[in-house]
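Coordinate analysis (summary)
Below, each chain spelled out in residue letters.
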Amino acid sequence: MAEPQPPSRSNTPTLAPPMRRPLEEDHIPAVSSPLNPNPSGDAAARSRPRVPPREREPREKRETLKKREASGNARASTPNPKAKKEKRPSADSPMRYSIPEPKAADYNAPKDGVFLSREPNPLYAPGGVAELKKPQDYAWNKKGYRYTHCVADPLFRHKQYYRQSDSRPYGPRMSHEDSDKWFYFDDSATIVSQEKGWRMGRGNVVAREGRVYYEVKVLRGIPADGPKDPVDARTGDTKPGPHVRVGWARREAPLDGPVGFDGYSYGITDARFEAQHRSRASKIFKPLPKGAKSKHMKARPPHGKPVPVEYVTDQHISEGDVIGLEIQLPSLSMHSKVVEGIYNPAVDLGDGFATASNADPFDRPLDIIRDRIPVPYKGNFYFEQLDYQVTKMVEAYHDRGPVPKIHPSPNHEDVSLRSLPHSHIKVYKNGQEVGIAFENLLAFLPPASVPSVEAVKAGARTGFDDGMVGYLPAISVFNGGIAQVNMGPDFWYPPEEIRKYQQHDTQMGGTDSSEKPVPEGRKLRAIGERYKEQIAEDVVWDIIDEVDFFSQDGGWEYKGEAPQDVKGSATPRARGFANPDENLGVEVGRRY
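What you see is a predicted model, and the numbers here were worked out from it, not measured in a lab. (Residues numbered from 1 in each chain as written. Predicted model: local features only at pLDDT ≥ 70, side-chain atom pairs only at ≥ 80, totals over all residues. Heavy atoms only, no water.)

**Digging into the environment of Lys426**
Quick reminder of the rule: Secondary structure elements follow DSSP: runs of H or I of four or more residues count as helices, runs of E of two or more count as strands, with numbering from the N terminus. Only protein chains enter the calculation, and the probe is 1.4 Å; a residue is then buried if its accessible area is under 20% of its type maximum, exposed if over 50%, and partly exposed in between. Any two residues whose heavy atoms approach within 4.5 Å at even a single point are treated as in contact.
Here Lys426 is to be found in strand β24 (residues 424-429). Judged by relative accessible area, Lys426 falls into the buried class, the value being 14%. Note: C-alpha distance between Lys426 and Lys286 (140 residues apart in sequence) is 9.8 Å. Not counting the four nearest positions on each side in its chain, Lys426 is found in contact with Gly324, Leu325, Glu326, Glu433, Gly435 and Ile436.

**Here's the deal with helix α7 (residues 529-552)**
Keep this limit in mind: Here a helix's expected span is defined as the number of its residues, less one, multiplied by 1.5 Å.
Taking 1.5 Å per residue, 24 residues should reach 34 Å; α7 reaches 35 Å between its end C-alpha atoms and fits that length. Within α7 the residues assigned to the buried category are Arg530, Tyr531, Gln534, Trp541, Asp542, Asp545, Glu546, Asp548 and Phe549. Packing partners of the buried residues in α7 comprise β1 (96-98), β7 (162-164) and β29 (524-526). Among the residues trailing α7, Gly554 stands out with phi positive, at a value near 100°.

**Let's talk about unusual backbone geometry**
The omega angle of the peptide bond from Pro446 to Pro447 is 10°, so this bond is cis rather than trans. Within the fold, Pro447 resides in the loop between β25 (432-439) and β26 (450-451). The omega angle of the peptide bond from Gly488 to Pro489 is 5°, so this bond is cis rather than trans. Looking at the element boundaries, Pro489 is found in the loop between β28 (482-486) and α6 (496-506). Not every positive phi belongs to a glycine, and Phe273 is a case in point at roughly 50°. Structurally, Phe273 can be placed in the loop between β14 (265-268) and β15 (275-277). Accessibility expressed as a relative area gives 1% for Phe273, which makes it buried.

**Considerations on the nonpolar core**
Soluble, globular proteins show a tendency: their nonpolar side chains are buried together. Using the following cut-off: For this analysis, a nonpolar core means a set of buried residues of the types Ala, Val, Leu, Ile, Met, Phe, Trp, Tyr and Cys, connected via side-chain atoms within 4.5 Å.
Residues Trp248 and Ile268 are the most contacted members of the largest nonpolar core, which totals 61 residues. Within the second largest apolar cluster, 19 residues are counted, among which are Tyr138, Tyr145, Tyr382 and Leu386.

**Describing the environment of Lys196**
With respect to the secondary-structure elements, Lys196 resides in the loop between β10 (191-193) and β11 (199-203). In the structure, Lys196 is positioned 285 residues away from Gly481 in sequence and 9.7 Å away in space, judged by C-alpha atoms. The residues touching Lys196, leaving out its near neighbours within four places in the chain, are Trp182, Phe478 and Asn479.

**Here's the deal with the confidence of the model for the chain**
Put simply, the rule is: For every residue, the pLDDT score states the predictor's confidence, bounded by 0 at the bottom and 100 at the top.
Counting all residues, the mean pLDDT for the chain is 81, and 75% of those residues have values of 70 or more. Considering only residues more than four positions removed or in separate chains, one finds that residues 562-569, a stretch of pLDDT under 50, has four contacts. Low pLDDT, under 50, characterises residues 578-592; the predicted model gives this stretch 36 contacts beyond four residues in sequence or across chains.

**With respect to the pattern of salt bridges**
Just so we agree on the cut-off: For salt bridges, the criterion is a side-chain nitrogen of Lys or Arg within 4 Å of an Asp or Glu carboxyl oxygen.
Summed over all chains, the structure comprises 31 salt bridges. Measuring nitrogen to oxygen at the nearest pair gives 2.9 Å for the salt bridge that ties Arg211 to Glu497. Here Arg211 is found in strand β12 (residues 210-220), whereas its partner Glu497 is found in helix α6, with 286 residues between them in sequence. Exposure remark for Glu497: the relative accessible area of 25% places this residue in the partly exposed category. A salt bridge links Arg250 to Glu252, with the nearest nitrogen and oxygen atoms 3.2 Å apart. Each member of the pair, Arg250 as well as Glu252, is classed as buried. Residues participating in the shared-partner salt-bridge network are Lys159, Arg370, Arg372, Asp538, Asp542 and Asp545.

Quick look at the structure:
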């Protein structure tokens, strides 16, 4: 029997792989691939541009749903109220010190100062109507420290209860704390004198921008109808007589010298009626129209080209004369450009008062930082702060060499030697404009004003404006000279411009309004108007500091320091009048 034949497998595919069809030359790829890792090196293929391989973006690794449920964070989009808050952006804040809470008596208003008569014979102003007395037990500025009155206030809890205050007499006047210790004052602190060598006193109002004016009357100085200095009847020798100088000074200027002694002050002398700066005398000048004939030419800003001028000569300031001093400063925004090194004379053409707001919208807002600690002294509390001091470059600038080696400019490499464009000091005598005494005054905003190196080592911070940096009215007296200051608004000889503004303000409605309005920064006004403005500024910055510290302390959750936190901490003492190593407050809190 024949065996059955197996089924035919002719239609079953074989297990051997089919043969690959070779690629033709025209189809050789230019880029290798997994199927063709090494293509033939044909010249035409090699000439084709190679495209870089495309990289895949890394995928974000996410947790699985199981993990998220296990961690209890399934609702990741819902904000967590207990999540840590982000840190606030860095900003400057005043220092705070660990001091004990004020006593009940510290909340009283500042006590009136004690003034002593001269012994054995009282000192009177000419006419005998006002006796001049010397302050006693006052914390005057010394040893690089500055003192201002303060008082405890329960509303300023986070600011450690102390806020800015003032002492009698209230109003614009000469400062008891910012005058030499040998100065005598009348009851209004507007008449001053002293019997030593040259000494200086500054006012309690400061010029920072715009145009301001004040007057000084010489009550005792060079006689109007006599020799400059008295002559001894017995020996015939000339004796030094009383003298008075007036001007503008910064806080760095020394009190034991005349105004105009160094680079931080600008003075007018009574003898020869000259301008004095860095102890160098110069002539007051009157600008003349372009093309006018004159014997004298003077290089003047902004381009430094010589122009015709007329110098003031053969004059003196005698008893009874009234000297008016006007200072013009650019806006603080323009001033900031100078000290920050971004002033461009080709672009910044004006004085900064052309716009309505007097400020560049791109400028940083004005920030006032006052690092000070309340200290008791002779029954009153004072804010003590490390004051600005003379820098080495300005000290070299007022070197009394025969030829000046340093020339300030708005773009000087050293910030303390940068001058302010559109700044000058103008002089008036008995109501008549005399001329210009100084131009291109030195800039004063920090960092042009800095604490001393010793103060920085003691904890002072640089680069902060405390709101009272600027040019202050200054009077220097010598050997019994007596002067009276008038900071307005009722001047003895008001300039025509101020008289015009006063008349315009008193007129009723219906006046001609076709006149072009003058920006506030370009109006000439009394320096005394700054007194109320400074009070408002002090109130505002005290409130800002309180709100700042309130936020740092945690807001409404703040419970205050516990008794054990302040137990044993001593009340700090005035370092200008005591050993600086004893009873100092310790800075607390962290500036953010």
